[in-house]
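# Understanding the architecture of this molecule
What follows is each chain in one-letter form.
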Amino acid sequence: MDKYKTGNFIYSLRKEKGISQGQLGLMLGVTNKAVSKWENGDNKPEVNMLYRLSDVLGVSVDELVRGERNAKINEAETTNENLVLKRRLDQAKREKNEE
């Protein structure tokens, strides 16, 4: 895993989804600083985080590790993934408020 290539890919996917580092961190149970370190290539996600991260960002673990998409995703799939992502973010916010 090239941590810089993967970091840039995480950044691009996050921006594509229209979410902040803090929102991504909230959904994954990490801080915005951890997300920042991944995106800047200062650190890379733990192996057990790759599955959750790939799920939230809508790519495979393989794509995440390689730092690039396997195939072009069509617009309808992207729209559907964004709706799912919004639901997850709302759920994460509710859970955090319950703590």
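Read on for an overview of the structure. This is a predicted model, so every value here is computed, not measured.

What follows concerns the overall build of the protein chain. Along its length, the protein chain carries six helices and zero strands. Helices and strands appear in the protein chain in the N-to-C order α-α-α-α-α-α. The C-alpha radius of gyration computed for the protein chain amounts to 13 Å, which stays within 12% of the reference 13 Å derived for 99 residues, consistent with globular compactness. The principal-axis extent of the C-alpha atoms belonging to the protein chain is close to 40 × 35 × 20 Å.

Moving on: helix α2 (residues 21-28). What α2 keeps buried is the set L24, G25, M27 and L28. Buried residues of α2, seen end-on, are gathered within an arc of 160° and therefore sit on one face of the element. Just past α2, the residue G29 takes up positive phi, approximately 80°.

Now for the nonpolar core. Judged by nonpolar contacts, the single largest core of 19 residues is most densely connected at L24, L53 and L64. Counting residues per element, the ones that place at least two in this core are α1 (3-17), α2, α3 (32-40), α4 (47-57) and α6 (75-98). Looking at which element gives the most residues to this core, the answer is α4, with five residues. The contacts of L64, once residues within four sequence positions are left out, are T6, F9, I10, L50, L53, S54, L57 and V59.

One pass over the full model with this rule turns up seven salt bridges. The closest approach of N and O atoms between E16 and R69, which form a salt bridge, is 2.6 Å. With E16 in helix α1 and R69 in the loop between α5 (61-66) and α6, the pair connects residues that are 53 residues apart, well separated along the chain. Its relative accessible area of 39% is what places E16 among the partly exposed residues. On the basis of relative accessibility, which here comes to 23%, the residue R69 falls in the partly exposed class. Here the salt bridges do not stand alone but share partners, grouping K5, D62, R66 and E68 into one network.

As a further point, take the packing of α2 against α4. Their axes nearest at 10 Å, the elements α2 and α4 cross at an angle of 125°. Classified by the angle between their axes, α2 and α4 sit oblique to one another. Crossing of α2 over α4 shows right-handed handedness. Of α4, the residues touching α2 (which contributes L24, M27 and L28) are M49, R52, L53, V56 and L57. Here the residues of the contact of α2 with α4 sort into seven nonpolar, no polar and one charged.

Reading the values: the criteria
Residues numbered from 1 in each chain as written. Predicted model: local features only at pLDDT ≥ 70, side-chain atom pairs only at ≥ 80, totals over all residues. Heavy atoms only, no water. Helix = DSSP H or I, 4+ residues; strand = E, 2+ residues; numbered from the N terminus. Rg over C-alpha atoms; globule rule 2.2 N^0.38 Å. Buried < 20%, exposed > 50% of the residue type's maximum accessible area, 1.4 Å probe, protein only. Arc of directions from axis to C-beta. Core = buried A, V, L, I, M, F, W, Y, C linked by side-chain atoms within 4.5 Å. Contact = heavy atoms within 4.5 Å. Salt bridge = Lys/Arg side-chain N within 4 Å of Asp/Glu carboxyl O. Axes fitted to C-alpha atoms, helices over the stretch in contact; angles between N-to-C directions. Parallel < 35°, antiparallel > 145°, perpendicular 65-115°, else oblique. Left-handed = near helix turned anticlockwise from the far one by under 90°. Nonpolar A, V, L, I, M, F, W, Y, C, P; charged D, E, K, R; others polar.

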